[in-house]
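# Inside the fold
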Amino acid sequence: MENKTLKKIDLIFAGYTSTKYKVLEKTFQKTPDEIINEVLDSGLKGRGGAGFPTGLKWKFTKNQESDVKYVVCNADEGEPGTFKDREILERVPRKVFSGMAICGRAIGAKEGYLYLRGEYTYLVPSLLKEIEIFEEYSKQYNYGFKIFIRLGSGAYICGEESALFESMEGKRGEPRNKPPYPTVSGYNSKPTVINNVETFATVQVICKIGAQEYKKLGTTDSRGSKLFSVSGDTPIAGIHELELGMPLQEFVDEFGDGDTKAVQVGGASGHCVPRKQFNQTVIGFEGIPTGGSMMVFNSSRSMYNVLHDYLEFFTEESCGQCTPCRVGCQQLLKGIEAVKRGERPPSYLEDLKRLAQTMKIAAKCGLGQSVANPFNSIIDNFREEIIY
Amino acid sequence: MSKTDVLIKELVTKYGKNRNSLMPVLQGVVQSEKCLSEETLISIARELELSAAEVYGTASFYTFLDTVPRGKNIIRICKTITCHMKGKDEIILALENMLRIKVGETTHDKKFTLLTANCLGWCHKGPVMLVNNEVFPEINVQKSIEIIEKFSKETA
Ligand SMILES: Cc1cc2nc3c(=O)[nH]c(=O)nc-3n(C[C@H](O)[C@H](O)[C@H](O)COP(=O)(O)O)c2cc1C
Ligand code: SF4
Ligand code: FES
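Residues numbered from 1 in each chain as written. Chains lettered and ligands numbered in written order. Predicted model: local features only at pLDDT ≥ 70, side-chain atom pairs only at ≥ 80, totals over all residues. Heavy atoms only, no water.

## Topic: the site of ligand 1
All names here are of chain A. Not every one of the 19 residues close to ligand 1 is listed here, only the nearest: Gly48, Asn74, Asn195, Asn196 and Thr199. Asn196 is positioned such that a nitrogen or oxygen atom in its side chain is 2.7 Å from an oxygen atom of ligand 1. Contributing elements (two or more residues each) for the shell around ligand 1: β4 (192-196) and α14 (366-370). Top contributing element to the shell around ligand 1 by residue count: β4, with three residues. Among the residues forming the shell around ligand 1, the class breakdown is four nonpolar, nine polar and six charged. (Near = heavy atom within 4 Å. Polar contact = N/O pair within 3.5 Å; in protein donor to acceptor, adjacent residues only side chain to side chain. Helix = DSSP H or I, 4+ residues; strand = E, 2+ residues; numbered from the N terminus. Nonpolar A, V, L, I, M, F, W, Y, C, P; charged D, E, K, R; others polar.)

So this is what it looks like as structure tokens:
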């Protein structure tokens, strides 16, 4: 394993140059295949959490025969503990729109949609202003790429890509069966690239500095840097761009309050890492991947409360479409409450873990499938706190 | 034609007469009316040439598309973990006392509805609340009361 140390980076929020959309001018001199190869070469993986190689996603979509294709930017940012996409859209929206336009050119799409969570409606006026600037520019150079905003309405599940398309099509935000994947059938059943806000912003960075330069950062499995949303028991809560591949211990040394007991990596649907594992845990796709949410807990916190909060979250946000998740979330929540009250023996936790494991296999989408991550990691490491 | 019907027609003209316009149309109506009544949903269905059941099915899925009457101002306090750790309970209690309602209820004068929400994307500056579309990070009991007082004065 490559040993990286914690390193602060400043690429995503680094200032704009005076010429607007300058990167597009440079990038559009390349052919679509050259653009895709650059993105592939950079090793960029999706910054929304799942970490699919971005260049590959683009290549698959480009190779689909279709007169209509779409670019969709996922700005539904609902994972508890994540707030970096909002900050990107506030401070450097031009990078996001550049990334979308570059994607449009690469795959042959004329329309891009930004699906913005309803909780961020206050960003719309400034984003529309930036879209106007983009379109002036786009017209001037005959790019013929248009960007539209669509709003969500308070449903976490709409961050799941196929639920997001359903929502854009005026339907309930219920995830679809996969396959087909969005690269084949996404928005309006057309080939679609859907990427996270940070992924598009990073594409702009890569096209600006070049894949060679970008991939000097990070490790073989996790190229580059990414934004971390740091919250909880930390004196420096906020957004920090860090090189990928660092040990969690170094992160805690930098961001903890000296009394860190656990870090929840990747939001409510991520993993809880206890103090004794800080040293051997790497933050990156070779270790624990994260969409950027890092919630820090010190020893004054009850991990029962933390788990209870997460389970309440999933119970409320489950779309209810499939039984393992709809009923499973409720049963896990009721289950730990029953153990806490002494109505069930501690061994009942083993049954609940099996239920979570079943959900991992049987649930239809990532929401139900990932409940086992926080559930099992908290039960395994903080069993006493759950029981007593 | 009622004021709502005029608004629906405007929205449909703006976004286009097809199913993909349903969310923006519903959102536009909620923005100004705060609530989607049965008649409103039927009008939207007619205007977009969809069945009323489809329109209701979509509307009822989304937390922000209210089908029950709400106050003129909607307060949403984040109740997710980091805001929980930073004291959202005291703020909820303070606003419940101030407005004399419980979470989920609307004041008698219809000025305010008090709700909780999941993570609002400001965890580093919790506790945080939304009032309508405006965000208020780093609040405390005192600040939250002042903010609501200000909205109260501005609401006729
Ligand atoms: C329940 C659920 C919620 C999700 N929410 C988001 C989200 O808010 N933002 C996001 O970018 N991806 C979210 N995703 C991941 C998307 O489905 C998709 O993988 C992602 O947008 C792809 O972009 P990327 O490859 O650039 O990361 C979510 C997935 C699931 C299962
Ligand atoms: S796993 Fe949960 S959120 Fe996903 S489709 Fe099933 S019920 Fe809906
Ligand atoms: S937990 Fe309250 S804003 Fe994220």
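## Things to note about the sheet that holds strand β5 (residues 225-232) of chain A
Residue and element names in this part refer to chain A. Taken in spatial order, the five strands of this open sheet run β6-β5-β11-β8-β9, and their pairing is mixed. Strand pairing shows two members of the sheet lacking a second neighbour, β6 (238-243) and β9 (271-274), which therefore form its edges. Adjacent strand axes in the sheet meet at a mean angle of 30°, parallel and antiparallel pairs treated alike. Where β5 and strand β11 (residues 293-298) come together, four bridges link them in parallel fashion. Paired with Val230 across the bridge in β11 is Met294. On top of the sheet, helix α11 (residues 303-317) reaches β8 (260-265), β9 and β11; it is set at about 150° to β11, its chief contact. (Pairing = 2+ DSSP bridges. Axes fitted to C-alpha atoms, helices over the stretch in contact; angles between N-to-C directions. Contact = heavy atoms within 4.5 Å.)

## Things to note about the state of the cysteines
Residues and elements named next belong to chain A. Enumeration according to the criterion identifies zero disulfides over all chains in this entry. Note on Cys73: no disulfide assigned, nearest cysteine sulfur contributed by Cys103 at a separation of 10 Å. On the basis of relative accessible area, Cys73 is assigned to the buried category, the value being 0%. No disulfide involves Cys207; its nearest neighbouring cysteine sulfur is the one of Cys103, lying 11 Å away. (Disulfide = S-S within 2.5 Å. Buried < 20%, exposed > 50% of the residue type's maximum accessible area, 1.4 Å probe, protein only.)

By themselves, these are just geometric observations and shouldn't be taken as functional.
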